[in-house]
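# Coordinates in review
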Amino acid sequence: MKLVVGMGCQRGCDVHTLLALFDAALIEGGIERHRVSALASIDHKQEEPGLLALAALLNLPLQCFNAEQLAIYADRLSHQSDVAFAHTGCYGIAESAALALAEDLANAPARLLITRQKTAQATFALACAG
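Residues numbered from 1 in each chain as written. Predicted model: local features only at pLDDT ≥ 70, side-chain atom pairs only at ≥ 80, totals over all residues. Heavy atoms only, no water.

### A closer look at the pattern of salt bridges
Evaluated as defined, the whole model comprises 2 salt bridges. Put simply, Asp 23 and Arg 33 hold a salt bridge, and the shortest N to O gap is 2.6 Å. Here Asp 23 is found in helix H1 (residues 15-29), whereas its partner Arg 33 is found in the loop between H1 and strand S2 (36-42), with 10 residues between them in sequence. Taking relative accessible area as the criterion, Asp 23 reaches 21% and is therefore assigned partly exposed. Taking the shortest distance from any N to any O, the salt bridge between Glu 103 and Arg 76 comes out at 3.0 Å. You can see Glu 103 sitting in helix H5 (residues 93-106) and its partner Arg 76 sitting in the loop between helix H3 (67-71) and helix H4 (82-88), a full 27 residues away along the chain. Residue classification places Glu 103 among the buried residues on the basis of a relative accessible area of 18%. (Salt bridge = Lys/Arg side-chain N within 4 Å of Asp/Glu carboxyl O. Helix = DSSP H or I, 4+ residues; strand = E, 2+ residues; numbered from the N terminus. Buried < 20%, exposed > 50% of the residue type's maximum accessible area, 1.4 Å probe, protein only.)

Here it is, written out as structure tokens:
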């Protein structure tokens, strides 16, 4: 079973903020960090220093998707954000990206194991497939 974390963040969000959310959400979900196989986000964030640092720190690949690829998951999100849509063209980055990458990696339908977790600067979601 592939476990994938989707993350969204404000521009300039630092790696410590992202790691704190990542670890807190996994602990709350009862999932060990080493079980996560990849990180996902939207293509606007593919050069975001905090996300790149998080991927490096956790030794995980970071896969980014464009808004069209993420928009197809809108009806499967636990929360649809009009703010996210206004900025990116999709209603939720963390959940959509997690679902998209989990399905890509497993070539099977994915589901959310941990729905959107949010701090002031970042969002987290965990999806699994296979």
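### As for the sheet that holds strand S3 (residues 62-65)
Note: strands within a sheet are paired through backbone hydrogen bonds, in either parallel or antiparallel orientation. One open sheet holds the 5 strands; their spatial order is S3-S2-S1-S5-S4, and the pairing between them is mixed. Edge positions in the open sheet fall to S3 and strand S4 (110-118), since each of these has one partner strand only. With direction set aside, neighbouring strand axes in the sheet form an average angle of 25 degrees. Across 4 bridges, strand S1 (residues 2-9) lies against S2 in parallel orientation. Its bridge partner being in S2, Val 4 is matched across the sheet by Ala 38. Its contacts with the sheet put H1 on S1, S2, S4 and strand S5 (122-129), and the angle it makes with S5 is roughly 45 degrees. Its contacts with the sheet put H5 on S1, S2, S3, S4 and S5, and the angle it makes with S1 is roughly 150 degrees. (Pairing = 2+ DSSP bridges. Axes fitted to C-alpha atoms, helices over the stretch in contact; angles between N-to-C directions. Contact = heavy atoms within 4.5 Å.)

### Re the pairing of S3
The sheet contact formed by S2 and S3 spans 4 bridges and is parallel. In the sheet register, Ser 41 faces S3, and the bridge partner there is Cys 64. Each parallel crossover has a hand, and the one from S2 via helix H2 (residues 49-58) to S3 is right-handed. (Right-handed = clockwise from strand over helix to strand, strands pointing away.)

### Let's talk about the UniProt feature "domain: CobE/GbiG C-terminal" (unreviewed entry) in the chain
In the numbering used here, UniProt assigns the "domain: CobE/GbiG C-terminal" (unreviewed entry) feature to residues 3-127. Between the end C-alpha atoms of residues 3-127 the distance is 6 Å, and the span holds 41% helix and 26% strand. (UniProt positions renumbered as here; feature names shortened; annotations may be inferred.)

### Thoughts on H2
Gly 50, Leu 51, Leu 54, Ala 55 and Leu 58 are the residues of H2 that are buried. For H2, the angular spread of buried residues about the axis comes to 135 degrees, placing them on one side. The exposed residues of H2 that point more than 90 degrees off its buried face are Pro 49, Ala 56 and Leu 57. Elements that come into contact with the buried residues of H2 comprise S1, H1, S2 and S3. (Arc of directions from axis to C-beta.)

### A closer look at unusual backbone geometry
Even without being a glycine, Asn 59 presents a positive backbone phi close to 55 degrees. Within the secondary structure layout, Asn 59 lies in the loop between H2 and S3. Despite not being glycine, Asn 107 has its phi angle at roughly 50 degrees, a positive value. In this fold, Asn 107 is placed in the loop between H5 and S4. A residue is classified by how much of its surface remains accessible, and Asn 107, at 73% relative accessible area, is exposed.

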